[in-house]
Amino acid sequence: MKTLRFRIAVVYTALIVAAMAVLGLILLRTESARFQDDLDERLLAEARLTTEAAAPLLRQSPSIEMLDPLTERLGVEGGVRVTIIAPDGRVLGDSDDDPARMENHANRPEVQAALGGAVGRARRESGSLGDEMRYIAVPIRGSPAPGESSGPLLGIARVATPTSAVDADLRRIAISVTIAAALTALGAAVLAALIAGPVTRPLEQLRRASAGIAAGAFGQRVEGGGTTEVRELADGFNEMAARLEETVDALASEHSRLEALLAAGADAMFALDRHSVIRYVNPSAEALFGRSVGRSFAEVARNHELTGVVRAALTANEPVGAAVHIEPQNLWLQAFANPIEGGGEWALLLILHDITEVRRAETTRRDFVANVSHELRTPLAGIKAVVETLRDGAIDDPEAAEAFLVRVDMEVDRLVQLVEELLQLARIESGTAPMVMTEVRLSGLLATSIDQFRHQAERTDITLRLDVPDLPPIRADADRLSHAVGNLIHNALKFTPPSGTITVAATCLDGAVRISVSDTGSGIDPADLPRIFERFYVADRARSRRGTGLGLAIVKHVVRAHGGRVWVESTLGRGSRFTIEIPYREPGRNVGPRGESVTAGD
């Protein structure tokens, strides 16, 4: 990561390296020019010495035999290559090569310049030696005639030397400059890093502190050392961090309170955006429709009535409420859709209040009134018919009067039974009837319950069986539990045909006592099973005169008063089995897997 300190050091180092590079280039160019000038002056001096030595020989006889030995001697003395060239370009002498084999030099640039009367200079690779050479050529002139400024051109004196020595010197200088620049750059980088440290250290603290605040650690603070600007920046940062911490703490508290408020509500709450996408749900809403954040409400609810409430509220931008029925769960919900102004992505708050129990209570109340009216109407109508018959003259017939009085007595008993069962059910539901909890042995209680119906069973040729092991005593209200079991036995007798069997059994399993009443009767239609324990509900309306429809409701409430539960299993044409489960609790005693009593520590 390129930090500010790194960047400062790089910039300082780059500037110094750039300055050193410019100085090095200037130095190299200066030294190169100086070396070149020195070399040219030395070569020019050697060339002029050569002209002075060669001029007499050229005036006498310009031949190779006379000039070649001279060039060899001058070349050895001067440490250079000496060449004497005739005006027509022929080589008359050369210190390093055989002039007879050398080509004509008239086209050489330095020779052409010298033929024109100037000093010729050139740098190129030698055709005969193969080395890069520096050439200086000067004209060799004879004595001038009277009235002339210069004598006739006798030849060209050319002096050359390899440039390798100069290039080697320049390379050494370049290497020295490069090493010096590298050392200077390294020292500059170290110095820049040391200088940048006091400047960047407070900024690095600010960076780390801001990163901590961004990560949620709002207690970050920085020191105010360094320059005035850095101290002022640190003080401003610390004040900002303190205020931000206070603001975040306040928002977190508000959020926690709001979250707790929404989570504690029993109503399902949804927050939707303007496109009906769910942005928040509370636990009640999640329990109703599952995890749904980020999904379309129409996709989650799958109910056109609920979707219509949401759409209407968003379109009209005003609260909308309606009672909605949810089919799969058979729920009634009161939906309240309230648009939110300035809520960000929350454009609508939808609250679903479960009114299923209210609807059910209303339905139950209506059914109760209708059922009570129906149950009362039948015996009252019978009594009224008997009274009218007796008034019309049947009272004068002793036998008929006696028969009608028996019928009236039966209808009155039916009314009394109905009223007593209604009162008993009302007391149990309201809790006004106290439960007298005592130690009860199920074997005796169930045997007594069967004995009450033994005579009735024998009259209809129905076998009553008792299958109860030696169970430990339980705490229960003996009278109410006996009444509940009696209702189940009586119900079984009504729907078991002659030669049938009714079995009363009990067992202890998983810390609970189970009492079952099984019969071989006609069974119950599966459609009636969910409502079999409702008040006044009779599975087969053709048998409605054989009972009030309150017996199983009383059983359910008696069992619930003991903290237990009751259920039924039935197959049409094969019979039914009603099961009562009551939790078994007794200090210092546990229940074994077969119902045996096991004391603590066994």
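Residues numbered from 1 in each chain as written. Predicted model: local features only at pLDDT ≥ 70, side-chain atom pairs only at ≥ 80, totals over all residues. Heavy atoms only, no water.

Participant: Explanation requested: the nonpolar core in the structure shown.
Facilitator: Proteins that are soluble and globular tend to have nonpolar side chains buried together. By size, the foremost hydrophobic cluster in this structure holds 40 residues, and its most contacted members are Leu442, Ile489, Ile515 and Ile580. If you list the elements that add at least two residues to this core, you get helix H11 (442–452), strand E13 (474–476), helix H13 (478–494), strand E14 (501–509), strand E15 (512–519), helix H14 (551–561), strand E16 (565–571) and strand E17 (575–583). Of all the elements, H13 adds the most residues to this core, at 7 residues. Once residues lying within four places of it in the same chain are set aside, the contact partners of Leu442 are Leu471, Ile474, Leu481, Ala506, Val513 and Ile515. In terms of nonpolar packing, the next biggest core, distinct from the first, is built from 26 residues, Ala86, Ala157, Ile173 and Val177 among them. (Core = buried A, V, L, I, M, F, W, Y, C linked by side-chain atoms within 4.5 Å. Buried < 20%, exposed > 50% of the residue type's maximum accessible area, 1.4 Å probe, protein only. Helix = DSSP H or I, 4+ residues; strand = E, 2+ residues; numbered from the N terminus. Contact = heavy atoms within 4.5 Å.)

Participant: What am I meant to see in the pairing of E15 here?
Facilitator: Side chains on a regular strand alternate between the two faces of the sheet. For E15, the tally of buried residues reaches 7 of 8 residues, placing the bulk of the element in the interior. Here E14 runs beside E15; their pairing, made up of 8 bridges, is antiparallel. Within E15, the residue paired with Val504 across the bridge is Val517. Taking the residues that link successive antiparallel strands as the turn, the E14-E15 hairpin has 2 residues, and the phi of Asp510 there is positive, at about 55°. Pairing analysis gives 7 bridges linking E15 to E17, with the strands arranged antiparallel. Along E17, the bridge assignment pairs Ser518 with Arg577. (Pairing = 2+ DSSP bridges.)

Participant: I tried to follow the sheet that holds E15 on my own but got confused; where do I start?
Facilitator: Sheet strands associate in pairs through backbone hydrogen bonding, adopting either a parallel or an antiparallel arrangement. With mixed pairing, the 5 strands of this open sheet are ordered in space as E12-E14-E15-E17-E16. The open sheet is flanked by strand E12 (463–467) and E16, the only strands paired with a single partner. Pairs of neighbouring strands in the sheet enclose a mean axial angle of 15°, with direction left out of account. In the sheet, E16 pairs with E17 via 7 bridges, with the strands oriented antiparallel. Among the inter-strand pairings, Trp567 is bridged to a residue of E17, identified as Thr579. Strands in contact with H13 are E12, E14, E15 and E17; relative to E15, the strand with the most contacts, it is inclined by about 25°. (Axes fitted to C-alpha atoms, helices over the stretch in contact; angles between N-to-C directions.)

Participant: Please clarify how H11 should be interpreted in this entry.
Facilitator: In an α-helix, one turn spans 3.6 residues; hence positions three or four apart end up facing the same way. All of the buried residues along H11 are Leu442, Leu445, Leu446, Ser449 and Ile450. All buried residues of H11 lie within an arc of 135° about the axis, which places them on one face of the element. (Arc of directions from axis to C-beta.)

Participant: How do you make sense of the pattern of salt bridges when you look at a structure like this?
Facilitator: Between side chains of opposite charge, a pair can form when the charged atoms approach closely. Evaluated as defined, the whole model comprises 22 salt bridges. Across the pair Arg134 and Asp40 runs a salt bridge, and its minimum N-O distance is 2.8 Å. Residue Arg134 is found in strand E4 (residues 132–141), and its partner Asp40 is found in helix H1 (residues 4–60); the two are separated by 94 residues along the sequence. The exposure classification of Arg134 matches that of Asp40, with both residues buried. With a shortest N-O distance of 3.7 Å, Asp98 and Arg101 are connected by a salt bridge. Classification of Arg101 as exposed rests on a relative accessible area of 67%. One network of salt bridges, in which partners are shared, links Asp40, Arg121 and Arg134. (Salt bridge = Lys/Arg side-chain N within 4 Å of Asp/Glu carboxyl O.)

Participant: Which parts of the structure should I look at to understand the pairing of E14?
Facilitator: Here E12 runs beside E14; their pairing, made up of 5 bridges, is parallel. Within E14, the position partnered with Leu466 by the bridge is Val504.

Participant: How should I be thinking about the sheet that holds strand E9 (residues 331–339) in this particular structure?
Facilitator: If you trace the 5 strands from one edge of the open sheet to the other, you get E7-E6-E10-E9-E8, paired in antiparallel fashion. Because the sheet does not close on itself, it has two edges, and the strands there are strand E7 (278–281) and strand E8 (320–326). Neighbour-to-neighbour, the strand axes of the sheet open up by a mean angle of 25°, direction not taken into account. For E9 and strand E10 (residues 348–354), the ladder comprises 7 bridges, and the chain directions are antiparallel. Each residue of the ladder has a partner; that of Gln334, found in E10, is His353.

Participant: Explain the packing of aromatic side chains here, please?
Facilitator: Aromatic rings in a pair are described by how distant their centres are and how their planes are angled relative to each other. By the definition in use, this model includes 4 aromatic pairs. Their ring planes at 85° and their centres at 6.1 Å tell us that Phe533 and Phe578 sit as a pair that is edge-to-face. Of the two residues, Phe533 sits in the loop between E15 and H14 while Phe578 sits in strand E17, which places them 45 residues apart along the sequence. For Phe533, a relative accessible area of 12% gives the class buried. An aromatic cluster of three or more residues is present, and its members are Phe270, Phe289 and Phe297. Lying across the ring of Tyr135, Arg124 places its NZ or CZ 4.4 Å from the centre. (Phe/Tyr/Trp six-rings, centres within 6.5 Å; stacked < 30°, edge-to-face > 60°. Lys NZ or Arg CZ within 6 Å of the ring centre and 35° of its normal.)

Participant: Looking at this structure, I do not really get the confidence of the model for the protein. What am I missing?
Facilitator: Close reading of the predicted structure is inappropriate where its pLDDT is low. Considering every residue of the protein, the mean pLDDT works out to 80; 87% of them sit at 70 or more. Confidence drops under pLDDT 50 across residues 587–602; counting only partners more than four residues distant or on other chains, this segment forms 22 contacts. (pLDDT = per-residue confidence, 0-100.)

Participant: Sorry if this is basic, but what is going on with H14 here?
Facilitator: Within H14, 8 of the 11 residues are buried, leaving the element largely enclosed by the surrounding structure. In the segment just after H14, Gly563 is the residue with positive phi, at about 80°.

Participant: Help me out: how do you make sense of a nonpolar patch on the surface in this one?
Facilitator: On the surface, a cluster of nonpolar side chains totalling about 290 Å² of accessible area is made up of Val11, Tyr12 and Leu15. Here Tyr12 lies in helix H1. Tyr12 gets classed as partly exposed once you look at its relative accessible area, which sits at 39%. (Patch = residues over 30% accessible without salt bridge, like charges linked within 9 Å, V, L, I, M, F, W, Y side chains within 5 Å. Areas by Shrake-Rupley, 256 points an atom, 1.4 Å probe, with all protein chains shown as cover.)

Participant: What exactly am I supposed to notice about the environment of Ile278 here?
Facilitator: By the element assignment, Ile278 lies in strand E7. The buried category is assigned to Ile278, whose relative accessible area is 0%. Each C-alpha atom, one on Ile278 and one on Ser296, is 6.1 Å from the other, the two residues being 18 residues apart in sequence. Ignoring anything within four residues of it in the chain, the contact list for Ile278 reads Phe270, Ala271, Leu272, Ser292, Val293, Gly294, Arg295, Phe297 and Val300.

Participant: What am I meant to see in unusual backbone geometry here?
Facilitator: For residues besides glycine, phi is generally negative; the peptide bonds are generally trans as well. Located in the positive-phi region is Asn317, a residue other than glycine, with phi close to 55°. Among the structural elements, Asn317 can be located in the loop between helix H8 (304–316) and E8. Residue Asn317 is classed as partly exposed on the basis of its relative accessible area, which comes to 44%. Even without being a glycine, Ser499 presents a positive backbone phi close to 70°. Along the chain, the position of Ser499 falls in the loop between H13 and E14.

Participant: Got a minute to help me understand the packing of H11 against H13 in this structure?
Facilitator: For any two helices packed against each other, the geometry is given by the interaxial angle and the distance between the axes. Interhelical geometry of H11 versus H13 gives an angle of 45° and a closest axis separation of 9 Å. Taken as axis vectors, H11 and H13 run oblique relative to one another. Taken as a pair, H11 and H13 cross one another with a handedness that is right-handed. In this structure, H11 contributes Leu442, Leu445, Leu446, Ser449, Ile450 and Gln452 to the contact, and H13 contributes Ala478, Leu481, Ser482, Val485 and Ile489. Class assignment of the residues belonging to the contact of H11 with H13 gives a composition of 8 nonpolar, 3 polar and no charged. (Parallel < 35°, antiparallel > 145°, perpendicular 65-115°, else oblique. Left-handed = near helix turned anticlockwise from the far one by under 90°. Nonpolar A, V, L, I, M, F, W, Y, C, P; charged D, E, K, R; others polar.)

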